[in-house]
Amino acid sequence: MIQNLNNNVRKVKPSATLVINELSAQLKREGREIYSLGFGQSPFPVPESIVKSLQENAFQKDYLPVKGLLQLRMAVAQFFNKQYELSVSEEDILIGPGSKELIYNFQLVYNIEELLLPSPSWVSYEPQASLLGNKVKWITTNELNSWKISSDDIEEICKNSPKINRTIILNYPSNPLGVTYSSGELQKLTNVFKKYNITVIADEIYGEIHHDGDHQTIAKYYPERTIVSSGLSKWAGAGGWRLGVFVFPENMRYVLDAMGTVASETYTTTSAPIQYAAVTAYNGDESINLYLKNVRSILKTVGQFVYKKLMGIGVTMPEPEGGFYLFPNFNNWKVALNKRRINSSKEFCNQLLKDTGVALLPGEDFGHPSNNLTARLSFVDFDGGHLLNIIKDNDSLHLNDEFVELHCPKISESIVKIKNWLESY
Ligand code: PLP
């Protein structure tokens, strides 16, 4: 009986994403061809040296320390110091079973009077806040600024109530936008975050797959109140391994400790073999560097292909810079679509899927106003392992549109499907 459920749990509704996934599964069972552009998983295999390390550590059976294996915490600290010019130590690192769990536990232990979320943001932040009864304030953005937040937006929200304890979750490269913040933008945001003592969760889970390998962290400019969230799921293609990391500033060690206490009373620690393998991942090696270089070029090529094709037919969106998402806006077809009773992003995605087999996720699931005909498109319906092999065997191969058409046929076909469908309206 539903009444027996906790009130906060009852408030969290099944998402439109679930509806799209169920509809995709049903259409597949009916024999329809589905173009899975709704899925948010890396298409690439885990780098071989990391897999090998997991195999070699399968025998590790003991519970590890609650905050994570010391060797791994050291490797993660070193990685962030070298890569992003931070100066953290192993004592500042918390390992968890996925960054999603860490973000939830952070929201559990920290005093958050108001959680600021840019609209759109990743699907899970808001439901996590609802489960905990935390208040969310969505920050309105506009397409002219690539749907990103600006320091003026923060100023506007905070100026009349400057004393509220606010936390923001800022995700870049962004899921669902595909865009990121430049160092200049991060510095400007830092000024206003400092002014209002805002705590930042910098969700940088896509940082390593910035398409030009040029990711910057806000922790460099605002170390005193930034916690960086990352993990193996996206850059190492290891979502199912469940390993996330939080990098804390020294003065927030008490938060790390509190999250350790929660861990000790809930999940205990992250799987031991996975943590040992993650040491290899964070120490890095030549083969991992080459893997990342190739993964970035493939994502850049495919992202640019889809971006250009859709822009060419009047679908607008920010140009992708990292990760594997785009956030197309179909408002240029609004009048025609409205006539066919498509008035919300959810109705748009449902109809597109039914008519063409192309699955996108509705913008409203990411906190975007539902009457905006926006959607998240994830351009990973291709065999990443196969593509990496092709590149490995052919040094002089030029990645371009023909490469995408030849080796990512479902991506190019799906764009034709979307185009034909829109033009039939
Ligand atoms: N943050 C963002 C923006 C994501 O897209 C995801 C996964 O889809 C996560 C966090 C969670 O990653 P994990 O829990 O696998 O570390």
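Residues numbered from 1 in each chain as written. Predicted model: local features only at pLDDT ≥ 70, side-chain atom pairs only at ≥ 80, totals over all residues. Heavy atoms only, no water.

Student: I keep staring at the pairing of strand S8 (residues 244-247) and nothing clicks. Help me out?
Tutor: The side chains of a regular strand alternate, residue by residue, between the two faces of the sheet. Residues Gly244 and Phe246 point to one face of S8 and Val245 and Val247 to the other, with burial holding for every one of them. When strand S2 (residues 93-96) meets S8, the two strands line up antiparallel, connected through four bridges. Within the sheet, the bridge partner assigned to Ile93 lies in S8 and is Val247. Pairing analysis gives four bridges linking strand S7 (residues 226-231) to S8, with the strands arranged antiparallel. Residue Gly231 lies in a different strand from S8, and its bridge partner there is Gly244. (Buried < 20%, exposed > 50% of the residue type's maximum accessible area, 1.4 Å probe, protein only. Helix = DSSP H or I, 4+ residues; strand = E, 2+ residues; numbered from the N terminus. Pairing = 2+ DSSP bridges.)

Student: How do you make sense of the packing of aromatic side chains when you look at a structure like this?
Tutor: Centre-to-centre distance and the angle between the planes together describe a pair of aromatic rings. The final tally for this structure, using the stated rule, is 17 aromatic pairs. Judged by centre distance (6.3 Å) and plane angle (35°), the ring pair of Phe193 and Tyr222 falls under tilted. Within this pair, whereas Phe193 is found in helix H8 (residues 183-195), its partner Tyr222 is found in the loop between strand S6 (199-203) and S7, the two being separated by 29 residues in sequence. A residue is classified by how much of its surface remains accessible, and Phe193, at 0% relative accessible area, is buried. Since its relative accessible area comes to 1%, Tyr222 is described here as buried. Taking NZ or CZ as reference, Lys148 lies 5.1 Å from the ring centre of Tyr181, over its face. A cation sits over an aromatic face here: Lys410 above Tyr35, 5.1 Å from the ring centre. (Phe/Tyr/Trp six-rings, centres within 6.5 Å; stacked < 30°, edge-to-face > 60°. Lys NZ or Arg CZ within 6 Å of the ring centre and 35° of its normal.)

Student: Just checking my understanding: could you explain the site of the ligand for this structure?
Tutor: Around the ligand, the structure places 13 residues, and the nearest of them are Ser99, Asp203, Tyr206, Ser233 and Arg242. Between the ligand and the protein, one listed contact pairs an oxygen atom with a backbone N or O atom of Lys100 at 3.0 Å. A distance of 2.8 Å is found between an oxygen atom of the ligand and a side-chain nitrogen or oxygen belonging to Asn175. (Near = heavy atom within 4 Å. Polar contact = N/O pair within 3.5 Å; in protein donor to acceptor, adjacent residues only side chain to side chain.)

Student: How should the pattern of salt bridges be read in this particular structure?
Tutor: Should the charged atoms of two oppositely charged side chains come close, the side chains can pair. Taken as a whole and judged by the stated rule, the model has 15 salt bridges. Between Lys148 and Glu185 there is a salt bridge, with the nearest N and O atoms lying 3.0 Å from each other. Here Glu185 lies in helix H8 and Lys148 lies in the loop between strand S4 (136-139) and helix H7 (151-158), a separation of 37 residues in the sequence. Here Asp401 makes a salt bridge to Lys308, at a shortest N to O gap of 4.0 Å. Note that Asp401 is positioned in helix H15 (residues 401-407) and Lys308 in helix H11 (residues 286-312), a separation of 93 residues in sequence. Each of Glu114, Lys135 and Arg166 takes part in a single network of salt bridges with overlapping partners. (Salt bridge = Lys/Arg side-chain N within 4 Å of Asp/Glu carboxyl O.)

Student: So what exactly am I meant to see when it comes to the packing of helix H13 (residues 345-356) against helix H16 (residues 409-423) here?
Tutor: In the contact formed by H13 and H16, the axes pass within 11 Å of each other and the chain directions differ by 110°. Judged by the inter-axis angle, H13 sits roughly perpendicular to H16. Listed contacts from H16 to Phe348, Gln351, Leu352, Asp355 and Thr356 of H13 are Lys417, Ile418 and Trp421. Each residue belonging to the contact of H13 with H16 can be placed in one class, and the counts come to four nonpolar, two polar and two charged. (Axes fitted to C-alpha atoms, helices over the stretch in contact; angles between N-to-C directions. Parallel < 35°, antiparallel > 145°, perpendicular 65-115°, else oblique. Contact = heavy atoms within 4.5 Å. Nonpolar A, V, L, I, M, F, W, Y, C, P; charged D, E, K, R; others polar.)

Student: Got a minute to help me understand the environment of Glu405 in this structure?
Tutor: Tracing the backbone through its elements, the reader meets Glu405 in helix H15. Through-space distance from the C-alpha of Glu405 to that of Phe330 is 24 Å; in sequence the pair is 75 residues apart. Not counting chain neighbours up to four residues away, the residues in contact with Glu405 comprise Phe305, Lys309 and Ser412.

Student: When you look at the environment of Pro120 in this model, what are you seeing that I'm missing?
Tutor: By the secondary structure assignment, Pro120 is in the loop between strand S3 (114-118) and helix H6 (125-131). Residue Pro120 is classed as buried on the basis of its relative accessible area of 4%. Pro120 sits 48 residues away from Leu72 along the chain, and the two C-alpha atoms are 33 Å apart. In this structure, Pro120 is in contact with Thr141, Trp147, Pro176, Leu177, Phe327, Phe366 and His368, ignoring residues within four places of it in sequence.

Student: Quick question: what am I supposed to make of helix H3 (residues 48-56) here?
Tutor: Residues spaced three or four apart along an α-helix point in a common direction, a consequence of the helix completing one turn every 3.6 residues. Of the positions making up H3, those classed as buried are Ser49, Ile50 and Ser53. The buried side chains of H3 occupy one side of the element, clustering within an arc of 100° when seen end-on. Exposed residues pointing more than 90 degrees away from the buried face of H3 are listed as Glu48 and Gln55. On its buried face, H3 is in contact with helix H10 (272-283) and H11. (Arc of directions from axis to C-beta.)

Student: So what exactly am I meant to see when it comes to the side chain of Arg73 here?
Tutor: As for its position among the elements, Arg73 is in helix H4 (residues 70-84). At 3.2 Å, the side chain of Arg73 and the backbone oxygen of Glu90 are in polar contact. Residues contacting Arg73, with those up to four places away along its chain left out, are Lys67, Gly68, Glu90, Glu91, Ile93, Ile95 and Leu256.

That's the geometry; what it means functionally is another story.
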